[in-house]
Amino acid sequence: MVEKPKPESAAAPLERIPFMQRLLDNPFLLLFIGVVVPTVIYILWGVMEITQIPLAK
Amino acid sequence: MSTAATESDYIGRLATKFRTCPATGLKVDLAAERLIKANAVAAVVFLMIGGTFGLLVALTRWPAVHLLSSDMFYLVLTAHGLDVLLLWIIFFEMAILYFASAVILSSRIAAPRWGWVGFALMVVGGLMTNVAVLQGDSSVMFTSYVPLKAQPHFYLGLILFAVGALIGCFIFLGTLVIAKEEKTYEGSIPLVTFGALTACIIAVFTIASGAIILIPTFLWSVGYIANIDTLTYKLVWWAMGHSSQQINVSAHVAIWYLIAAVTVGAKPLSEKVSRTAFLLYIFFLQLASAHHLLVEPGLSSEWKIVNTSYMMYLAVLGSMIHGMTVPGSIEAAQRKSGYTRGVFEWLRKAPWGNPAFAGMFLSLVMFGFLGGISGVILGTEQLNIMMHNTLYVPGHFHATVVTGTTLAFMAATYLIVPLIFQRQIIWPKLARLQPYLFGLGAAGISVFMMGAGTLGVARRHWDITFPASDVILPYGYPPIASLMMGLNGLSAILAAIGGALYIAITVGSILFGKKVDATNAVASLGPMPKKIVHEAVTKYGDAGTWHLPGTYVLVGLFFTTFILYYFVNWKYLSELWPMQ
C-alpha cells in the first residue's frame, strides 16, 4: 500500500524557539532590561538611601 | 503597515546607493560609509588632542621633570580626561555601531540625515567643552564633582555631545529593524553585531544618566538651581562616568571577535556561550559604577556589596568567558588551518606581523591581566579602602581603556582604513611595530601607576612631594614612589610615540594611501594565513571543537595570577592596621 504524502506543514512542524534565543534575538527587550536593571539596583536604591540620611542640625 | 509607510520604505530602498566590498563581498551603504568615515576621523582628531594632554600630565607627575604649573596641570588633566575618555572613545564607537549594523548586515542605514545631525551635535558639544576648559575657568576634572563649578558651556557641551551620541544609538537600533524587515540576514544577528548591540544598550543607560545629572548641574551653573546634593551628584554621575567605560568594554570585545574572524577565520567556540556573556554585561556591567562610591559613608554596605561584590562579579564572569572564548576561537581556527604541533604552534604561527591581529591580541591579554584583575581588587569593598583615590585607580582604568579599548580600536583601524576608506596602509613596517610600541608604553603607565597607588600616592595631585616649606604637615612617600612616577613618565613617552605613529599612519593612509580595488583588497588587510575574509564575520556558527590545550594553559596562567594577586592584597590589608 502506498502511503499518501503528508502536507508540508504536518511533515515539518515548526520548531519552538527556545526562550533564551527569543530573548537574545529581541534587541528592544534587551534594551529594556539593560536600562531597568541598573536604574533600579544602582540609581533608585542609591537615591533612596541618600534621601534617608538625616539632615545635620 | 500603512500605505504611506510602505511607500516611504520603498523610496528609502530605491534612494540608497550601495557598493560591493571587494574583500568581503558585503554590500556597503554609501551613506553609512560616509558617517563611519566622519566619526572615525573626529575620533582620531580628539585622540591626538587628548593624548598630547595626557603626555603633559605624565611629565608633570614625574617629580624630576614636573613640567606644568599647578593651574595648568589641573586644566590639562581635565581636558585629557574629556578628550580621551569621552570624545575619542564615543566618536569611534559611533563608527563601530554604524559598521556593525549597516555594513556587517549589508543593510541600508536608518535615517542617515539624523546621523549627521547627531554627528554635528557631538562635534559642537565636544568643541564647546574643550573651549570651556581651555579658557581656564572649568578645571573641574573629568568628574566635575559639585560644588566645583565650571562655566555653563562646559556642561552644555557635554549635554549636546550626549544627545548626538544618543541619536547614533537609535540609528543603530533602527538599522537592525530595517535589516530584519528587509531580510538582509537570516536567523540571529552576527556575534559582532550582538556585541555592538550590547554597547548600544549600555550607551543608552549611560547617556540617560548623564542627562539626569548634567541638565540640573547646567541649570545650577547658570543660577536657576540653588544647590545640587553632592552625594546624589556622585551617584548619578558615576552611572554615566563609569558606564561610559563599559560601552568601551562591550565594543572592544566585539572588535576582538571581528578581528579574530577577519584575520584567522575564527568562529566563536559557542555562539550561545558568547552571547550569554554579552547578556551578563547587559544585566550587570553598569552596576560596577558603585566601586567609585565604596568609601562613601552615606550609602549602606548592602547597596555597595550587592552592586559590586555580587552583581559586578557576574559581569566579570562575562569578561572571563570572552577572555577564554576569543583565544580559544583563534586556537580552533589555527588548528583547523594545520598549526597543530605542540601546545602553542597555533599562537607562534599567528599573524603577528598584521597590526590588526597583534593589537587585538595584546589588547586581550593586557585587558585581562592588568585591567580585569585590578578591577576586581577595586570592586572588593575591603580591599578598595587601600587604593581608593590613589593612583591605583587611574592605573586600573588606563589598563582597561588604553591597553584594552584604545589598542583594540587602533587595531580595528588597520581594517577600517582599507575596508571603508578604501586606502592601503602606508608604511607597513612601522604599522607592524605600532601596536607593540603603544601597548608596551600603555602597559607601563598602568603598572607603574598601580605600583605608586599601592604605595599610597594620591591621584589627581600636582606634586607628590609635600615639603615642610609648602605644607603644614610635611609628608614623604617611600623613595620608590618617585621611581614609579619616573617610570610612568618614560612609559607615557613610549605610548605617545606609539600614539603619534598611529595618527601619522592613519592620516597618511587616508590622504596618500594607494587605492584599494578588487586586485589588492584582501592583501590590503595585512598578512592573513588564509588570504580570504572568512564568512565567520557575518554568519552564525560555532567552531565545533573544544580541543584547545593552549587556551587552557593560558586560562590556567590567568587564574593563577588572579588568585595570587588577590590574596597578596588581602595580606597587604592585614598589615594596614597591625594588631599590637
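Residues numbered from 1 in each chain as written. Chains lettered and ligands numbered in written order. Predicted model: local features only at pLDDT ≥ 70, side-chain atom pairs only at ≥ 80, totals over all residues. Heavy atoms only, no water.

### Comments concerning the overall build of chain A
Next, step 1: When helices and strands are tallied, chain A shows 3 helices and 0 strands.
Next, step 2: Along chain A, helices and strands appear, N-terminal first, in the series α-α-α.
Next, step 3: Within the span of chain A, comprising 57 residues, buried residues form 26% of the whole.
Next, step 4: Taken as a whole, chain A presents about 4700 Å² of accessible surface, with 69% of it coming from carbon and sulfur. (Helix = DSSP H or I, 4+ residues; strand = E, 2+ residues; numbered from the N terminus. Buried < 20%, exposed > 50% of the residue type's maximum accessible area, 1.4 Å probe, protein only. Areas by Shrake-Rupley, 256 points an atom, 1.4 Å probe, with all protein chains shown as cover.)

### A few points about the confidence of the model for chain A
Next, step 1: Per-residue confidence for chain A gives a mean pLDDT of 83, with 75% of residues at or over 70.
Next, step 2: The lowest-confidence element of chain A is helix α1 (residues 8-11) of chain A, averaging 52 in pLDDT; the highest-confidence one is helix α3 (residues 27-51) of chain A, averaging 96. (pLDDT = per-residue confidence, 0-100.)

### Some remarks on helix α4 (residues 112-134) of chain B
Given 3.6 residues per turn, any residue in an α-helix points the same way as the ones three and four places further on.
Residue and element names in this part refer to chain B.
Next, step 1: Taking 1.5 Å as the rise per residue, α4 with 23 residues should run 33 Å; its terminal C-alpha atoms sit 33 Å apart, in good agreement.
Next, step 2: Among the residues of α4, G115, G118, F119, M122, G125, G126, T129, N130, A132 and V133 are the ones counted as buried.
Next, step 3: If you follow the buried residues of α4, they end up packed against α2 (30-61), α3 (70-103) and α5 (152-181).
Next, step 4: In the segment just after α4, G136 is the residue with positive phi, at about 100°. (Expected span 1.5 Å × (residues − 1). Contact = heavy atoms within 4.5 Å.)

### Details of the packing of aromatic side chains
Residues and elements named next belong to chain B.
Next, step 1: Under the counting rule described, the total for this entry stands at 27 aromatic pairs over all chains.
Next, step 2: Ring centres of W88 and F409 lie 6.0 Å apart, and the angle between their planes is 65°; on these two criteria the pair is classed as edge-to-face. With a gap of 321 residues between them, W88 in helix α3 and F409 in helix α14 (residues 392-421) connect regions that are remote in the sequence.
Next, step 3: Ring geometry for F142 against W237: centres 5.2 Å apart, planes inclined by 80°, an arrangement best described as edge-to-face. In this pair, F142 is assigned in the loop between α4 and α5 and W237 in helix α7 (residues 230-241), connecting sequence segments 95 residues apart. (Phe/Tyr/Trp six-rings, centres within 6.5 Å; stacked < 30°, edge-to-face > 60°.)

### Considerations on the interface of chain B and chain A
Accessible area lost when the parts come together is the quantity often used to give the size of an interface.
Next, step 1: Facing 36 residues of chain B, the contacting portion of chain A comprises 24 residues.
Next, step 2: With both chains or domains summed, chain B and chain A bury close to 2500 Å², and 79% of this area falls on carbon and sulfur atoms.
Next, step 3: Summed over the three residues of chain B that lose the most area to chain A, namely F205, F283 and W303 of chain B, the buried surface amounts to 20% of that side.
Next, step 4: At the junction of chain B with chain A, the criterion picks out 0 salt bridges.
Next, step 5: At the surface where chain B touches chain A, the tally comes to 7 residue pairs in polar contact (both at pLDDT 80 or more).
Next, step 6: For the side of chain B that touches chain A, the secondary structure elements donating two or more residues are α5, α6 (191-221), α7, α9 (271-284) and α10 (301-336) of chain B.
Next, step 7: Its residues assigned to classes, the side of chain B that touches chain A comprises 22 nonpolar, 9 polar and 5 charged. (Buried area = accessible area lost by both parts, 1.4 Å probe. Salt bridge = Lys/Arg side-chain N within 4 Å of Asp/Glu carboxyl O. Polar contact = N/O pair within 3.5 Å; in protein donor to acceptor, adjacent residues only side chain to side chain. Nonpolar A, V, L, I, M, F, W, Y, C, P; charged D, E, K, R; others polar.)

### Observations concerning the packing of helix α15 (residues 428-454) of chain B against helix α16 (residues 479-512) of chain B
Residue and element names in this part refer to chain B.
Next, step 1: Between α15 and α16, the least distance of the axes is 7 Å, while the angle of their chain directions is 155°. Relative to α16, α15 is oriented roughly antiparallel. As α15 packs across α16, the resulting crossing turns out to be left-handed.
Next, step 2: Taken together, the residues of the contact of α15 with α16 sort by class into 20 nonpolar, 8 polar and no charged. (Axes fitted to C-alpha atoms, helices over the stretch in contact; angles between N-to-C directions. Parallel < 35°, antiparallel > 145°, perpendicular 65-115°, else oblique. Left-handed = near helix turned anticlockwise from the far one by under 90°.)

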